[in-house]
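Chain residues, written in single-letter form:
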Amino acid sequence: MTAHTEEAAAAAPGTGTGRGALIVPAILAIASTLVVIGNLTMDVQSDDSPGPTFFPWLLAIAGYALAAALTVHFVRNPDELARSEKRFRTYTDWVAAGWLIGGLVAFAVLLDVLGWILAAALLFWCATRAFNSTRPLFDASLGLLLSSVVFLIFGVVLDVPLPSGILGGL
């Protein structure tokens, strides 16, 4: 392969430009747009301050800001191919991705059955497992503590009911 064809192959989309990471800010921008649409179409019954649309607006703004920052970063620093290996210097850890995706699916499926506290603790444990934590009992305990605090904040302070699941009668 000549030097000219190697440069052309590296510049063609999808053949090693290192711009594939731009999919992450694109997904984040789409998710932020969905939050904005949800906020604009939300039927708000009360005039309470800050109201039920306050935190979604904060999330949408933060999502757009993060998407913009990631786009600038990925455009300035594309993931270049290692010349000798013809591979990117980063890779996907499919085991970690499996733990995260599995945890999210389990959370979605089990939320009504287990309730917020147990389902969120399970999700937290799966996330720590994805990041190779070596202390499963500590992770599960911390997940239970954090999910309980969130449950109390939403249930007591914000008066937003979260599913109680099998712990509902206690």
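Residues numbered from 1 in each chain as written. Predicted model: local features only at pLDDT ≥ 70, side-chain atom pairs only at ≥ 80, totals over all residues. Heavy atoms only, no water.

Draft legend 1. Quick look at the overall build of the protein. Within the protein, the secondary structure is distributed over 6 helices and 0 strands. When its helices and strands are written in sequence order, the protein yields α-α-α-α-α-α. Expressed as a percentage of its 170 residues, the buried residues of the protein come to 19%. Long-range contacts, defined here as pairs at least 24 residues apart, represent 57% of the contacts in the protein between residues at least 6 apart. For the protein, the exposed surface amounts to about 12,200 Å²; the carbon and sulfur share of it is 70%. (Helix = DSSP H or I, 4+ residues; strand = E, 2+ residues; numbered from the N terminus. Buried < 20%, exposed > 50% of the residue type's maximum accessible area, 1.4 Å probe, protein only. Contact = heavy atoms within 4.5 Å. Areas by Shrake-Rupley, 256 points an atom, 1.4 Å probe, with all protein chains shown as cover.)

Draft legend 2. The arrangement of the layout of surface pockets in detail. By volume, the second largest pocket amounts to about 340 Å³. Around the second largest pocket, the lining residues are S46, D48, S49, P50, G51, P52, F55, P56, L59, F154, L158 and V160. Taken together, the residues that form the lining of the second largest pocket break down as 8 nonpolar, 3 polar and 1 charged. Three or more residues apiece are contributed to the lining of the second largest pocket by two domains, here domain 1 (20–91) and domain 2 (92–165). (1 Å grid on protein atoms, 1.4 Å probe; cavity = no way out; pocket = protein on both sides within 12 Å on 5 of 7 lines; lining within 4 Å. Points joined across faces, edges and corners; volume = space filled by probe spheres on them. Nonpolar A, V, L, I, M, F, W, Y, C, P; charged D, E, K, R; others polar. Domains from an automatic or database assignment.)

Draft legend 3. View of the confidence of the model for the protein. In this model, the protein carries a mean pLDDT of 83, and residues with pLDDT of at least 70 account for 81%. This stretch, residues 1–15, has a pLDDT under 50; its non-local contacts, to residues over four places away or in other chains, come to 7 contacts. (pLDDT = per-residue confidence, 0-100.)

Draft legend 4. Seen up close, the UniProt feature "transmembrane region" (unreviewed entry) in the protein. Following the UniProt record, the feature "transmembrane region" (unreviewed entry) maps to residues 22–42, 54–76, 96–125 and 137–158 here. This span, residues 54–76, is 100% helix and 0% strand, and a straight line between its end C-alpha atoms measures 33 Å. (UniProt positions renumbered as here; feature names shortened; annotations may be inferred.)

Draft legend 5. Structural detail: the packing of aromatic side chains. Enumeration over the complete set of coordinates arrives at 3 aromatic pairs. When the ring of W99 is compared with that of W125, the centres are 5.5 Å apart and the planes differ by 80 degrees; the resulting orientation is edge-to-face. Residue W99 is located in helix 4 (residues 94–114), and its partner W125 is located in helix 5 (residues 116–130); the two are separated by 26 residues in the primary sequence. Assessed through its relative accessible area of 28%, W99 is described here as partly exposed. (Phe/Tyr/Trp six-rings, centres within 6.5 Å; stacked < 30°, edge-to-face > 60°.)

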